[in-house]
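# Reading the structure
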Amino acid sequence: MTRPGGTWQNWSRSVKIRPARVERPRTPEGVQRAVQAAIAHGLQIKAVGAGHSFTGIAAAPGVLLELDDMQGLVSVDTDRARVTLLAGTRLHRIPRLLAPYGLAMENLGDIDRQSISGAISSGTHGTGARFGGLATQVVGATVIAGDGEFLRVSDIENAELLPAVALGLGALGILVDVTLQCVPTFVMHAVDEPVPLDDVLATLEERVSASDHFEFYWFPHTDVALTKRQTRLPESTPRKPLPRVGKWIDEALLSNGVYRMVCAAGQVLPAITPPFSRLAVKLTGDRDYIERSHRVLTQSRNVRFREMEYALPAEKVIPVFQAIRELIAVRGWKIEFPIEVRFAAADDRWLSTAYGRESGYIAVHRYWRADPTAYFEAVERICLEHGGRPHWGKLHTLDAALLRERYPRFDDFLALRDRLDPDRRFANRYLDRVLGE
């Protein structure tokens, strides 16, 4: 976040900026005053959440708004299972806020450090072929637009704007609250197990359809996939959580502590990466437990990394994955992070990576001190050849001209941006690239 001397940097250390001014409003009215002041002084203004986007989507060259003091519940509609949250509310705090009302978020991504507004605005998603990304849970929002006034959007008020505002990249205004459609609290039966990679690829469609949630990880230089499948169960189902000691060894010690040291050492001696990857798949990924939904869907990620992720038509996942697998072998790269494969339902959010099509996601990572350029650009070329759309919050090289070809409602979004922010008060260098100036 904002460091001494006024420098802001994101979690992955891929973006750093020194804003002209930093403000920390505590109320929606405080955000409005900040926006109106920025307008009066001819400054651009952006809100940042937890800084978990790898791109510069939240970088604020003018006025930076930190919304850490805008967290918590605004209102609860128990009859319709809807809750309104202040925009800065962190995802990991939401389960506790919802628990007294017997509610939960329908789905989550695998990291829960983000703010709710940042997560929906950048297209955060989880996995599960019958479930959409976080933005599909949004049924209302309040935004302060380029005229400095409040604009309420919901399924009954300015409803035609909801598919754009729910995933707006921060380009349409500053979100001050978000209304979510929730579901009754539930638990999940989770089975994590290593399976021969070729077996997973040969039966991928069946595995995806057989589980509420399915994903797999593949460490390059191995022939094993670490699969994760989860079944949703009623909240009354007896829980069978992981033993504390075993969970600590698996997640804190192996997946984060030892892994961080190996990633760092691999930058000096790349040859250690393949044998460690083979050891890692033997020591992790074999678990069977029943736990509350948010404890199953999310993971602790303490090893800093950089990431690129592309959404693909679901039927293109296997050929793209195989092409990436072959690419790594041919180039002889020693890749220390696994490739992650997930799935999501089609949706109607204009700039959603799953807009109008059942989607599979392939994410590639590198340790934050490694140069990801050659690897990411080569993977990107493969994804683009198969109709890929880049995750807005993760690294990619596309500009507005290329993105327009991939989103049927792209020009509709730009027209709405012209209406809500004609003077580009909410623009920055990243948005200039992906949306045009």
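One structure accompanies this document, and this report is about it. None of these values were measured; they are calculated from a predicted model.

### Some words on the sheet that holds strand 10 (residues 138–144)
- With respect to topology, 5 strands assemble into an open sheet ordered 7-8-12-10-11, the strand pairing being antiparallel. A strand with exactly one partner marks an edge of an open sheet, and here the two such strands are strand 7 (73–77) and strand 11 (150–154). Strand-to-strand twist in this sheet, taken as the mean axis angle between neighbours without regard to direction, amounts to 10 degrees.
- In the sheet, strand 10 pairs with strand 12 (residues 174–181) via 6 bridges, with the strands oriented antiparallel. In the sheet register, G140 faces strand 12, and the bridge partner there is T179.

### A look at the nonpolar core
- Counting 115 residues, the largest nonpolar core has F216, W392 and L435 as the members making the most contacts within it.
- Leaving out residues up to four positions away in the same chain, F216 has contacts with L197, V200, L201, L204, A225, L226, T227, F321, I339, E340 and V341.

### Re the side chain of E215
- For E215, the location among the structural elements is in strand 15 (residues 213–218).
- We note that E215 is buried and unpaired, the nearest opposite charge coming from R342 at a distance of 4.6 Å.
- A polar contact is formed between the side chain of E215 and the side chain of Y217, at a distance of 3.4 Å.
- Setting aside residues no more than four positions away along its own chain, E215 makes contact with T127, L226, T227, K228, E340, V341 and R342.

### Section: helix 10 (residues 317–331)
- When the terminal C-alpha atoms of helix 10 are compared, their 21 Å separation across 15 residues agrees well with the 21 Å that a helix rising 1.5 Å per residue should span.
- Among all positions in helix 10, only V317, V320, F321, I324, L327 and I328 are buried. Within helix 10, the buried residues cover an arc of 120 degrees as seen down the axis, which keeps them to one side. Among the exposed residues of helix 10, those pointing more than 90 degrees away from its buried face are E326, A329 and V330.
- The first or second residue beyond helix 10 is G332, which carries a positive phi of 70 degrees.

### Re the sheet that holds strand 6 (residues 63–66)
- Judged by pairing direction, the sheet is parallel, and its 3 strands sit side by side in the order 4-6-5 without closing on themselves. The sheet terminates laterally at strand 4 (21–23) and strand 5 (45–48), the two strands that pair on one side only. For this sheet the average axis-to-axis angle between neighbouring strands, irrespective of direction, equals 25 degrees.
- The sheet contact formed by strand 4 and strand 6 spans 3 bridges and is parallel. The partner of V22 across the bridge, within strand 6, is L64.

Reading the values: the criteria
Sequence positions are assigned chain by chain, starting from 1 and proceeding in written order. Side-chain atom pairs in this predicted model are given and counted only at pLDDT of 80 or more, local residue features only at pLDDT of at least 70, and totals for whole chains, interfaces and linings cover all residues. The side-chain figures draw on all heavy atoms in the structure; neither hydrogens nor water molecules are used. Strands are treated as partners if at least two bridges between them are detected by DSSP. Secondary structure elements follow DSSP: runs of H or I of four or more residues count as helices, runs of E of two or more count as strands, with numbering from the N terminus. A fitted line through C-alpha atoms represents every axis, and for helices the fit uses only the stretch in contact; the resulting angles, taken between N-to-C directions, go from 0 to 180 degrees. Here, nonpolar core refers to any group of buried Ala, Val, Leu, Ile, Met, Phe, Trp, Tyr and Cys residues whose side-chain atoms link them within 4.5 Å. Each residue gets one of three labels from its accessible area relative to the maximum for its type: buried under 20%, exposed over 50%, partly exposed in between, using a 1.4 Å probe on protein chains only. Residue contacts follow a heavy-atom distance rule, with two residues in contact if any of their heavy atoms lie within 4.5 Å. For the charge count, each Lys or Arg is scored as positive and each Asp or Glu as negative, with His and the chain ends excluded. For salt bridges, the criterion is a side-chain nitrogen of Lys or Arg within 4 Å of an Asp or Glu carboxyl oxygen. Pairs of N or O atoms are called polar contacts if they sit within 3.5 Å, as long as, within protein, a hydrogen donor faces a hydrogen acceptor (for residues adjacent in sequence, only side-chain-to-side-chain pairs). Helix span, expected: 1.5 Å multiplied by one less than the number of residues in the helix. By arc we mean the arc of the directions from the helix axis to the C-beta atoms, nothing more.

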